[in-house]
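One letter stands for each residue in the lines below.
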Amino acid sequence: MAWRAWPPRRGTPARAELLAALNYESKPGIAPRREGIAIIDIDPASPRFNQIVKDAPLPPDFVAHHIYFNHDKTKAYVTSLGRGAIAVFDVARLPENPEIVAVPDCKVGEDMVFTANGRRWFLSCMGSSNVIMGDAATNRTLAVIAAPEPKPGEPARPFIKNPHGLTLNDNLDLLVVTSTVDPADMTRAGETITLVEASTGKLLATQKVSNKPSPSGEAPVETAFVPKRTPQTAYVTNMGGGTLWTGVWRETEKRLDLDRAFDFSTIGQAMPLEMEFSAAGDRLYVTTAKPGALNVFDIADTAKPRLIASVPAAEGAHHLVFSPDGRYAFVQNSLLNLPGLNDGSVTVVDLTAMKPAGAVDVLKKAGFNPNCIVLLPGQGGDED
């Protein structure tokens, strides 16, 4: 696939278009290795459906992982598994002209979150076992949040180890950090989440997300707070354990009451990854990488999520976005370009019929795997 920018077709109605940014890399074994960011029309009703509108390269050693927008959605941030850096874009020019910002204290950059006041960001660094607090205006590092795991025989204390997932709850001044896997040896899985006071970086508690003896191999990977609910409740996906957990916030103890809520092995699935909520906050959507599915839960009772649908996607089902009208979900199918988990397509899911309604496979056909999908801002709907 040549690097190029496709001019928009004259006369194409603006409403018949839904643009998504996908960072991608060459499939395993293809040389020379290439990676970049493509803007693709994913609207099934558009004349340009499954076409690349724009694309631009990234440095081949960057190993782009996730794409995030800052609070006012004027900048896009891309995390890097290959460099101690982030790529920062002017959204109006995405995917061109990134500023590569060095973050020397970070190895294997994973997730980012931004404070509601737009002043700070946090970056999880799985290889260096820390979380970076940064200035969202200058992108300068403000603090490195780190604490080693206690050695056998030492008193228990909060720690950060191989962090991946980050969730920021501004109302609670709380940052939730998952301990997932050692990127140098992915068989060494974590089993905890760590709670951090976001305003100060103070570690409050490290909690085990498993009922099994240690090491449990649970590998909690993401957390998400249910919107518009009291008491405030978070869900946790355990990638290794194949389970979904709930955590109810206890303000006095500054802890989460954790409990297992669902076991994906009961429906023949494994490796739950990403979570999203419906606009009304009454549905929870969870992707599973094996064999690849989008699961829909009724969460009227947050403690007892009820599975109402499981829609086939493809191997490596990972990130997802929704059309602004809520009709479709788009599931990106590739996890770290791993064999057996890297289909390379995006499954279009009809959320009314609860079944697949097509695929975005232009990258797959060109020999690439997408690693993340986000909608470009300003296209209507809830973009948070």
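The rules we used
Residues numbered from 1 in each chain as written. Predicted model: local features only at pLDDT ≥ 70, side-chain atom pairs only at ≥ 80, totals over all residues. Heavy atoms only, no water. Salt bridge = Lys/Arg side-chain N within 4 Å of Asp/Glu carboxyl O. Helix = DSSP H or I, 4+ residues; strand = E, 2+ residues; numbered from the N terminus. Buried < 20%, exposed > 50% of the residue type's maximum accessible area, 1.4 Å probe, protein only. Disulfide = S-S within 2.5 Å. Pairing = 2+ DSSP bridges. Axes fitted to C-alpha atoms, helices over the stretch in contact; angles between N-to-C directions. pLDDT = per-residue confidence, 0-100. Contact = heavy atoms within 4.5 Å. Phe/Tyr/Trp six-rings, centres within 6.5 Å; stacked < 30°, edge-to-face > 60°.

Draft legend 1. Focus on the pattern of salt bridges. This model, assessed by the stated rule, comprises 17 salt bridges. Arg48 serves as the salt-bridge partner of Glu17, at 2.1 Å between the closest nitrogen and oxygen. With Glu17 in the segment before strand 1 (19–26) and Arg48 in the loop between strand 2 (35–41) and strand 3 (51–58), this residue pair connects regions lying 31 residues apart in the sequence. Owing to a relative accessible area of 24%, Glu17 belongs among the partly exposed residues under this scheme.

Draft legend 2. Expanded view of the state of the cysteines. Evaluation of the coordinates by the stated rule reveals one disulfide. Each sulfur of the disulfide joining Cys106 and Cys125 lies 2.1 Å from the other. What sets the handedness of the Cys106 and Cys125 disulfide is the S-S torsion sign, and at about -110 degrees it is left-handed. Separated by 19 residues along the polypeptide, Cys106 in the loop between strand 7 (99–102) and strand 8 (109–114) and Cys125 in strand 9 (residues 120–125) bring together distant segments of the chain. Given the relative accessible area of 4%, Cys106 is considered buried.

Draft legend 3. View of the sheet that holds strand 11 (residues 141–145). Pairing is antiparallel in the open sheet, where four strands are placed in the order 8-9-10-11. Edge positions in the open sheet fall to strand 8 and strand 11, since each of these has one partner strand only. Neighbouring strand axes in the sheet, compared pairwise and without regard to direction, differ in orientation by 20 degrees on average. Pairing geometry for strand 10 (residues 130–135) and strand 11, over four bridges, is antiparallel. Bridge pairing in strand 11 links Gly134 to Thr141.

Draft legend 4. Spotlight on the confidence of the model for the chain. Here the chain averages 94 in pLDDT, while 95% of its residues score no lower than 70. Here residues 1–14 is a poorly scored stretch, pLDDT under 50, and it has 29 contacts once near neighbours within four places are set aside; other chains count.

Draft legend 5. Representation of the packing of aromatic side chains. Tallied over the full model, the rule gives eight aromatic pairs. Note on Tyr235 and Phe277: the rings are 6.4 Å apart at their centroids and 35 degrees apart in plane angle, and the pair reads as tilted. One end of the pair, Tyr235, is in strand 19 (residues 233–238); the other, Phe277, is in strand 22 (residues 270–277), and 42 residues separate them in sequence. Per residue, the accessibility class of Tyr235 equals that of Phe277, and both read buried. Geometrically, the ring pair formed by Phe262 and Phe264 is edge-to-face, given 5.0 Å between the ring centres and 75 degrees between the ring planes. Accessibility expressed as a relative area gives 15% for Phe262, which makes it buried. Look at Phe264 and you get buried, because its relative accessible area is 0%. Taken together, the ring pairs connect Phe262, Phe264 and Phe297 into an aromatic cluster.

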